[in-house]
Structure formats: C-alpha cells, structure tokens
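# Notes for the structure review
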Amino acid sequence: MIAVVGSLNLDLVVPVPHHPVPGETVLGGDIAQHPGGKGANQAVAAARAGGRVAMVGRVGEDDAAALMTDAVRGEGVDVSHLLRTPGVPTGRALIAVDGPGENTIVVSPGANGRLTPADIEAAREVLASAAVTVLQQEVPDEANHAAARLSGGLVLMNPAPAVPGAVLPPRVDLLVPNRTELAALTGHRGFDTLDEAAEAARGLRGAEAVVVTLGGDGVLLVEGGAALHLPAHRVEPVDTTAAGDSFCGSLAVALAEGLALEAAVRWASASAALSTTRPGAQPSLARRDEIDAFLARTG
Ligand code: RIB
C-alpha cells in the first residue's frame, strides 16, 4: 500500500502566448478547471499505475472540497483520512501554460496549510502499514515530519515546490527534487552541467538516494556516490504540469512492487513523459497499461 500525505488544489489553467513579467498583463485563452495539487496528483498517479493508495490531507468545506475529494475517490484512492476544514477555502492553483507546454504556478494553500501532526497521528495505521510514504512541500513541514516518523516503509520525499526555509524530515530514504529544488536545497544558484548537479546531490546528507528530475534532459540518479544519467523519452509536450507528480506516484508503485531503483526510475520516466503529452494535472496522468505499452514501443 502507498500512503500519500499532501495537498489537494483546484487548478485554474489559462493558456498564454508567453509568461508575463512583473507588471505585465497578458491576454490568454479560455480558462479550464482541473483537479490538481501535488499530493492528490501523486496519489492519482500511483493509483493509475496500479497501486493501492490512501491519501492524508485537508480540504475546505466549499464546492471545490467535494470536487477534489470525488476526483481522488473516483480513482480508487482511500479518502478516509481526507479531513474537512471549516471556514478555510480548499487549495487553489493559478496556472499559466505557454505554447511549448511550460507552466508557471501560483498556489494558494488554503486548507492544505492547516494539516497538523495530530491529523497525521490519526492516520498512524495507514502510515505504519504503507510500503512507501510519499511527501511533498505544499503542507506544513511539521505534518511531513510526523508522517516520516510514523512511516513503516520507504519515505519518498518530493521537495516541491522549493519553499525558502523549509526543513526536510530527519528521515528520508529517497529524495526526488527537480533542478530548481536541488539548487534551493543545496544553496546553489543553478547548475550549468549535469556533473555540477550530481556533485550537489552527492553533498545532500540524509537521503540514501537522490533522483533529480531534469524535464526534457531526463533524470539523474545519485546513489552511494555514483551518478547515472538516464536521457528523457522523446515526446511532443503540450503541458508539463504534473510531470513530476506522475514520476513520483509511478516511482512509488514500482518500488512498492520491489523493482530495483534504476528500473523503477526508468518506468516512472515513461509515465512522466506520457503525462506531458496531455493537458491538465490529473487528466494527464498515465495508466499502467499505457506506461507498459509506451516502454515496449520506445525501450
Ligand atoms: O505539480 C503540479 C501541481 O502543482 C498542480 O496541480 C498545482 O495544483 C500545484 O500543486
């Protein structure tokens, strides 16, 4: 079983010709509304990839709360630890997507920001029996720390988004940052080469392995001092939103099923590539048979 502790956001998505700079107004296309939130996306990705999944999180008491809960429940995710939060809106994300499919995202956490260690304690049994617990940074650090402490299996931390001053849980088995998040965690301004990124990942203390997702440049797997670069699958992206979530959810399933890390990363990369070929967060996430068929075609 996979436990996902994290956020649920209603995504409001606008296609834009280019991303605005501060002070600029851009006329975009028609707005679309999709279920999203890094936690919920990862839970749905894991369920579609064939995992048995339970989610721990908070929504408000507004219309979005029902929408978001129904979306994950509809994928077979156990929602008995999704809590209602009176007087607080469900999380929302304002997303702009440009022609090449790159996004900018502003999150209003709302109820996600009210998740407490006591909420996590109430899900103790779920966490203790999970083969993999999946965490991100759209809920308070204290909730993540409690979840890592109570997890009976592997702790997979996706330190997304990069939050200034965020503190990783003391126990993380596998850290999955993107390039920006790795830079934030290690105090770098950015990385010009893969070697620089690998060096920074090696310097991270605590996690047994670091998997750096590099978008169109693939994935960097850093384990025990060794670094392995896996190139990306060639696809025509229309929207990269939730590609990282697709990767994390599928990776959790592969690891829970006992795949070795490199094989699990290859499988999760295929899931992420597929997700970029479709618009939206949860609507874009791939199912297990699609991932297998894609890998059979592309190798
Ligand atoms: O990773 C994509 C997600 O980030 C979106 O669904 C949005 O809700 C934000 O959480």
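So, here's what we can say about the structure. Predicted model only: the values in this text are computed from it and were never measured.

### Some details on the nonpolar core
Grouped together as the largest cluster of nonpolar side chains are 54 residues, with contacts concentrated most on Ile2, Leu156, Leu174, Phe247 and Leu251. Counting residues per element, this core draws most heavily on helix 9 (residues 261–275), which supplies nine residues. Dropping the residues within four chain positions of it, leucine 251 is found in contact with Leu156, Leu174, Val176, Ala264, Val265 and Ala268. In terms of nonpolar packing, the next biggest core, distinct from the first, is built from 35 residues, Ala3, Val56, Ala123 and Ala201 among them.

### Observations concerning the side chain of glutamine 137
By the element assignment, glutamine 137 lies in the loop between strand 8 (132–135) and helix 5 (141–150). The exposure class of glutamine 137 is buried, given its relative accessible area of 9%. A polar contact of 3.0 Å, which involves the side chain of glutamine 137, links it to the backbone oxygen of proline 161. Sequence-distant contacts of glutamine 137, defined by excluding residues within four places in its chain, comprise Asn144, Met157, Asn158, Pro159, Ala160, Pro161, Ala162, Val163, Ala166 and Leu168.

### Focus on the sheet that holds strand 7 (residues 103–108)
Within a beta sheet, neighbouring strands are joined by backbone hydrogen bonds and run either parallel or antiparallel to one another. If you walk across this open sheet you meet the four strands as 3-2-6-7, and the pairing is mixed. A single partner strand is all that each edge strand has here, and the edge strands are strand 3 (32–36) and strand 7. Strand-to-strand twist across the sheet, computed as the mean angle between neighbouring axes with direction ignored, equals 25°. Of the strand pairs in this sheet, strand 2 (residues 9–15) and strand 6 (residues 91–97) are connected by seven bridges, and their pairing is parallel. Paired with aspartate 11 across the bridge in strand 6 is alanine 93.

### Notes on unusual backbone geometry
Cis rather than trans, the peptide bond between alanine 160 and proline 161 has omega equal to -5°. Summarising the element assignment, proline 161 is placed in the loop between strand 9 (154–157) and strand 10 (174–175).

So, how was this worked out
Residues numbered from 1 in each chain as written. Predicted model: local features only at pLDDT ≥ 70, side-chain atom pairs only at ≥ 80, totals over all residues. Heavy atoms only, no water. Core = buried A, V, L, I, M, F, W, Y, C linked by side-chain atoms within 4.5 Å. Buried < 20%, exposed > 50% of the residue type's maximum accessible area, 1.4 Å probe, protein only. Helix = DSSP H or I, 4+ residues; strand = E, 2+ residues; numbered from the N terminus. Contact = heavy atoms within 4.5 Å. Polar contact = N/O pair within 3.5 Å; in protein donor to acceptor, adjacent residues only side chain to side chain. Pairing = 2+ DSSP bridges. Axes fitted to C-alpha atoms, helices over the stretch in contact; angles between N-to-C directions.

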